[in-house]
Amino acid sequence: MGDALIRMLAAVFAACCLAVVPVHAAAADDDERMEKLFTFKDPRITESSGLAVSPTHPGIYYTHNDSAAAPTFYAVDGEGRTRATYQLRGAEARDWEAMAASKDPRTGRGVLWFADIGDNLDGAWPDVSIYKVMEPQRLGDATLPAVRYRFRYADGARNAEGIMVNPRTGRLYVVSKEFAGSVYAAPKTLRTDRTNVLRRVATAPIMATDAAYAPDGSSYVVRTYFSATLYKPSGETIARVTMPQLEQAESIAFTADGKALLTGSEGARSPVYRVPLPARALASASPGATPAPTPTPTHSPAKAESGMDAQADSAAGGGLALKDVLIWLAAAATAIGVITFIARRTA
């Protein structure tokens, strides 16, 4: 019941908060153009929690389960058939929650990132890990070497289910899964000989389950159980994109051309949907249409280079406006009512 309760409470909070957030929803005709791209056919893929488009193999998608006895990921084609199964050497699968794909600007090779960042107890682990793996040049079952980077949050441990990589800068970001979520920037240069510190640079939607950067770096998207929100690199909201109804929405990625989103769910034979971005979102995200604001120099290198200064500055002090306080009080009161109702029904 715990996970269902979390999703129910997230819906309550979202309902209270969305009413006052000025964003543009996707048009109805965009919703109608959603299509099921494929269904995972492999019986081993039961908890697809991460999703990424191959940077170098056309028509290939990568996924992994939420958690498993061994660190494993799968290469799947456009029909949902597993083309290759990979094991990672030098890696653990404590609670894998997300993955991302990027390209090495020097070699042009694909790079895959696997995030062992789940922490349902918000502090059960002293640190979390993200693994960097060079994408195999040929598809086929194999064991691949992984580079492990350890991380801790500058403001205390928390649960997270989303990672993304800015293709323009190569910087890695983690998105926390909380009622007041945040985007955290990793250091520009990652170290294997010590723990890397994640610093908060922007706010994120309630209970975020995944995130991804557009292939051209012009925008990024954050997924929740119920919808997805598109942002400029500055952190400014572009549009909210309606998502298909899924059993447990856990993953999101951009298509290779950046014109649509791919989203998936946990569960056996789970589907992956293609959701076109609304026209307004494409126009706003286009680098030639509305240039992203030039970052203002600050004392925080992470903020200056992430392009999320507007969002970071508004939240840097951690304070809330009176309107925000009233919203959260209303949401909390409603949530308490829901909990009380469930408790009485299950007593």
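This text follows the structure it describes.
None of the values given here were measured: they were computed from a predicted structure.

Quick notes on the rules
Residues numbered from 1 in each chain as written. Predicted model: local features only at pLDDT ≥ 70, side-chain atom pairs only at ≥ 80, totals over all residues. Heavy atoms only, no water. Helix = DSSP H or I, 4+ residues; strand = E, 2+ residues; numbered from the N terminus. Buried < 20%, exposed > 50% of the residue type's maximum accessible area, 1.4 Å probe, protein only. Contact = heavy atoms within 4.5 Å. Areas by Shrake-Rupley, 256 points an atom, 1.4 Å probe, with all protein chains shown as cover. Core = buried A, V, L, I, M, F, W, Y, C linked by side-chain atoms within 4.5 Å. Pairing = 2+ DSSP bridges. Axes fitted to C-alpha atoms, helices over the stretch in contact; angles between N-to-C directions. Phe/Tyr/Trp six-rings, centres within 6.5 Å; stacked < 30°, edge-to-face > 60°. Salt bridge = Lys/Arg side-chain N within 4 Å of Asp/Glu carboxyl O.

### Considerations on the overall build of the chain
Argument step 1. In terms of helices and strands, the chain carries 6 helices and 21 strands.
Argument step 2. Expressed as a percentage of its 347 residues, the buried residues of the chain come to 52%.
Argument step 3. Here the analysis covers contacts within the chain between residues at least 6 apart in sequence; of these, 55% occur between residues at least 24 apart.
Argument step 4. Looking at the chain as shown, the accessible area adds up to about 15,700 Å², and 54% of this sits on carbon and sulfur atoms.

### Re the environment of A279
Argument step 1. With respect to the element layout, A279 can be found in helix α3 (residues 279–285).
Argument step 2. Expressed as a C-alpha distance, the spacing of A279 and K259, which sit 20 residues apart in the sequence, is 9.3 Å.

### As for the nonpolar core
Argument step 1. By size, the foremost hydrophobic cluster in this structure holds 20 residues, and its most contacted members are W113, I117, I130, F151, I163 and V174.
Argument step 2. Secondary-structure elements contributing two or more residues to this core are β6 (98–103), β7 (110–116), β8 (128–134), β10 (147–153), β11 (160–165) and β12 (172–176).
Argument step 3. With near-sequence residues (within four places) excluded, F151 lies in contact with D127, V128, I130, L172, A186, P187, L190, T195, N196 and L198.
Argument step 4. If you look at the next biggest cluster of nonpolar residues, it comprises 18 residues, including A52, Y62, F73 and A84.

### A short note on the sheet that holds strand β4 (residues 72–76)
Argument step 1. Pairing in this open sheet of 5 strands is mixed, and the strands run β2-β3-β4-β5-β9 from one edge to the other. Across the chains shown, the open sheet's two edge strands, defined by having one partner strand only, are β2 (48–53) and β9 (142–145). The sheet shows a mean angle of 30 degrees between the axes of neighbouring strands, direction not considered.
Argument step 2. Pairing of β2 with strand β3 (residues 61–65), which is carried by 5 bridges, proceeds in the antiparallel orientation. Bridge assignment links G50 to a residue of β3, and that residue is H64.

### Side note on the packing of aromatic side chains
Argument step 1. Evaluated as defined, the whole model comprises 12 aromatic pairs.
Argument step 2. Between F38 and Y61, the aromatic rings sit 5.4 Å apart at their centres with planes inclined by 45 degrees, giving tilted as the arrangement. Note that F38 is positioned in strand β1 (residues 35–39) and Y61 in strand β3, a separation of 23 residues in sequence.
Argument step 3. Owing to a relative accessible area of 4%, F38 belongs among the buried residues under this scheme.

### As for the pattern of salt bridges
For side chains of opposite charge, pairing can occur when their charged atoms come near one another.
Argument step 1. Evaluation of the coordinates by the stated rule reveals 10 salt bridges.
Argument step 2. One salt bridge connects K232 with E236, and the closest N-O pair in it is separated by 3.7 Å.
Argument step 3. Classification of K232 by relative accessible area gives buried; the value is 10%.
Argument step 4. For E236, a relative accessible area of 41% puts it in the partly exposed group.
Argument step 5. Each of D155, R158 and E178 takes part in one network of salt bridges that share partners.

### Thoughts on unusual backbone geometry
Argument step 1. Of note in this structure, M207 is not a glycine but carries a positive phi near 55 degrees.
Argument step 2. Mapped onto the fold, M207 is located in the loop between β14 (196–203) and β15 (208–213).
Argument step 3. Of the residues examined, M207 reaches a relative accessible area of 7% and is grouped as buried.
Argument step 4. Phi is positive for R269, close to 50 degrees, though the residue is something other than glycine.
Argument step 5. Along the chain, the position of R269 falls in the loop between β20 (260–265) and β21 (271–276).
Argument step 6. Taking relative accessible area as the criterion, R269 reaches 53% and is therefore assigned exposed.

Geometry only, nothing functional implied.
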